[in-house]
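So you can see what is in the structure, the chains are spelled out below.
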Amino acid sequence: MPVPKGTALDPARTRAAILEAATAAFYDHGLDGVGVADLCARTGVSKETLYRHFGSKQGLIEAVLEARSDRVTRWLRAAADAAGPDPADRLAAIFDALAGWHAEPGFRGCALVNAATQHHEGSVRAAAARHLDRRLALLEDIAVRAGVREPGVLAYQLLLLVSGSTTAADLHPGGGAAARHARQAALTLLRAATPAG
């Protein structure tokens, strides 16, 4: 927001405010549905300020996607950690967290996947791939904890359920139950892959 003349500027706060406004705008309207002038109006900063912090609209897009991936990864990891050490409980907690997100008003699917469908090449696609890799690492950690023989294979199967449930929740009329159904399938896969103790 504009600051009164003579007020000291806080570059970190300004950057964070631009990121926050851009994150919401890009999620609601798509990467190409929001121009630089609109972003500046939403945050009350000049184009020069926006460019000073991010270099370009593309630089802002990349920063938004990286920040969103960081936030989502921390959120899912925290959900798993809160469930305790048991791999099945950790896996169930991830799908329970997703179910809550899918039910939120304004839910529009995964922001990084949405962005990659609009800009399928270059840095946006690379950001989406890194985001999926981070989810894959979280799921592989669960598979390793469970002692499965091929944790990478199970993790990839679980990633398909995470991503598929989010897509179905966004686009399919029956999507409200997507995370619950994916949770059941994920736990079945985990049980089948876990060595008998």
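Before reading further, recall that the structure is shown in the block above.
First, a word on scope: everything that follows refers to the structure included in this document. Because the structure is a prediction, the values reported are computed rather than measured. (Residues numbered from 1 in each chain as written. Predicted model: local features only at pLDDT ≥ 70, side-chain atom pairs only at ≥ 80, totals over all residues. Heavy atoms only, no water.)

What follows covers the packing of aromatic side chains. Following the criterion strictly, the structure yields two aromatic pairs and no others. Ring geometry for W75 and W101: centres 6.1 Å apart, planes at 75 degrees, overall edge-to-face. Highlighted residues: W75 in helix 4 (residues 57-82) and W101 in helix 5 (residues 87-102), separated in sequence by 26 residues. On the accessibility criterion, W75 (33% relative accessible area) is partly exposed. When the ring of W101 is compared with that of F107, the centres are 4.9 Å apart and the planes differ by 85 degrees; the resulting orientation is edge-to-face. Residue W101 shares its accessibility class with F107, and that shared class is buried. A network of ring pairs unites the aromatic residues W75, W101 and F107 as a single cluster. One Lys or Arg, R68, reaches over the ring of Y27 and ends 4.4 Å from the middle of that ring. (Phe/Tyr/Trp six-rings, centres within 6.5 Å; stacked < 30°, edge-to-face > 60°. Helix = DSSP H or I, 4+ residues; strand = E, 2+ residues; numbered from the N terminus. Buried < 20%, exposed > 50% of the residue type's maximum accessible area, 1.4 Å probe, protein only. Lys NZ or Arg CZ within 6 Å of the ring centre and 35° of its normal.)

Right, let's get into the nonpolar core. Core analysis: the largest hydrophobic core is formed by 58 residues, its most contacted members being F26, L39, L60, L91, I94, L98 and L139. With residues near it in sequence (within four places) discarded, L139 still touches L91, I94, A155, L158, L159 and V162. (Core = buried A, V, L, I, M, F, W, Y, C linked by side-chain atoms within 4.5 Å. Contact = heavy atoms within 4.5 Å.)

Given a rise of 1.5 Å per residue, 26 residues ought to cover 38 Å, and the 37 Å separating the end C-alpha atoms of helix 4 matches this to within 8%. One side-chain oxygen of the residue at the start of helix 4 lies 3.3 Å from the amide nitrogen of Q58, identifying that residue as S56. (Expected span 1.5 Å × (residues − 1). Polar contact = N/O pair within 3.5 Å; in protein donor to acceptor, adjacent residues only side chain to side chain.)

To continue, consider empty space enclosed by the protein. Under the definition given, this model contains one cavity of 30 Å³ or more. What the largest cavity holds in volume is close to 40 Å³. Taken together, R68, V72, W101, C110, A111, L112, H131 and R135 make up the lining of the largest cavity. At the level of elements, helix 4, helix 6 (111-118) and helix 7 (123-146) are the ones that each hand at least two residues to the lining of the largest cavity. Residue classes in the lining of the largest cavity are distributed as five nonpolar, one polar and two charged. (1 Å grid on protein atoms, 1.4 Å probe; cavity = no way out; pocket = protein on both sides within 12 Å on 5 of 7 lines; lining within 4 Å. Points joined across faces, edges and corners; volume = space filled by probe spheres on them. Nonpolar A, V, L, I, M, F, W, Y, C, P; charged D, E, K, R; others polar.)

On to the pattern of salt bridges. If you walk through the whole model with that rule in mind, you get eight salt bridges. Notably, a salt bridge pairs E66 with R134, separated by 3.8 Å at the nearest N-O pair. In this pair, E66 is assigned in helix 4 and R134 in helix 7, connecting sequence segments 68 residues apart. Using a relative accessible area of 31% as the deciding quantity, one classes E66 as partly exposed. (Salt bridge = Lys/Arg side-chain N within 4 Å of Asp/Glu carboxyl O.)

Everything listed here is a matter of geometry and, on its own, says nothing about what the molecule does.
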